[in-house]
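Per-entry structural report
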Amino acid sequence: MSLDVARGLRDSAYMIAQRYRLYVERRDMDRNMARFYAMSIEETLFGQTCLVRRWGRIGTRGRMVQHSFEAEREAVALFLELVRAKKKRGYRPTLAARHAEAAPSG
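Along each chain, the written sequence defines residue order, and numbers are assigned to residues from 1. It should be noted that, the model being predicted, local features are given only for residues of pLDDT at least 70 and side-chain atom pairs only at 80 or more, the latter also being counted only at that level, while totals for whole chains, interfaces and linings use all residues. To get the side-chain values, take all heavy atoms of the structure and skip hydrogens and water.

Some words on the side chain of Ser40
What counts as a helix is a DSSP run of H or I of at least four residues, what counts as a strand is a run of E of at least two, and both are numbered from the N terminus. As for its placement among the helices and strands, Ser40 is situated in strand E2 (residues 33–43). There is a polar contact of 2.7 Å between the side chain of Ser40 and the side chain of Glu42. Those residues in contact with Ser40 that lie beyond four places of it in its chain are Tyr20, Arg21, Cys50, Leu51, Val52 and Phe79. Polar contacts here mean pairs of N or O atoms no more than 3.5 Å apart (in protein, one a potential hydrogen donor and the other a potential acceptor; neighbouring residues in sequence count only if both atoms are side-chain atoms). Only heavy atoms enter the contact rule, under which two residues are in contact if any of them lie within 4.5 Å.

As structure tokens, then:
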């Protein structure tokens, strides 16, 4: 078996089982509030699972943080916990979610 074939087999074992993406917004015109929150679970070049979070005022780049995990289930648990927290705070999905998915994350 060539090294390329062996590498391909090893890499496929770490592929993320399901696509996790979220884009939500919270708007309150009385308080001049227009916020976004975006998350996705991705695989790093080193085969680790990574939860990428972005948030800030709509129309800005906002802030970004990445969390790396050895197991995908750990990233999914944090993802779901954050979804519940954002829903409680009034964040809701919007039509802008389609645009956010197509936009580059850098």
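Focus: helix H2 (residues 72–88)
For a helix, the expected span equals 1.5 Å multiplied by the number of residues minus one. For H2, which comprises 17 residues, the first-to-last C-alpha distance of 25 Å matches the rise-based estimate of 24 Å (1.5 Å per residue) to within 8%. Listed in full, the buried residues belonging to H2 are Ala75, Val76, Phe79, Leu82 and Lys86. Projected down its long axis, H2 carries its buried residues within an arc of 130°, all on one side. Residues of H2 that are exposed and point over 90 degrees away from its buried face: Arg73, Arg84 and Lys88. The secondary structure elements touched by the buried residues of H2 are strand E1 (20–28), E2, strand E3 (49–57) and strand E4 (63–69). Backbone geometry just after H2 places Gly90 at a positive phi near 100°. Burial classes: relative accessible area under 20% of the type maximum marks a residue as buried, over 50% as exposed, and values in between as partly exposed (1.4 Å probe, protein chains only). Arc, as used here, means the arc of the directions from the helix axis to the C-beta atoms.

Quick word on the sheet that holds E1
In spatial order, the strands read E4-E3-E2-E1-E5; together these five strands make up an open sheet with antiparallel pairing. Both outer strands of the open sheet, E4 and strand E5 (92–93), are each paired with one neighbouring strand and no more. Of the pairings in the sheet, the one linking E2 to E3 comprises nine bridges and is antiparallel in character. Looking across to E3, one finds that Met39 is bridged to Arg53. At least two bridges found by DSSP between two strands is the condition for calling them paired.

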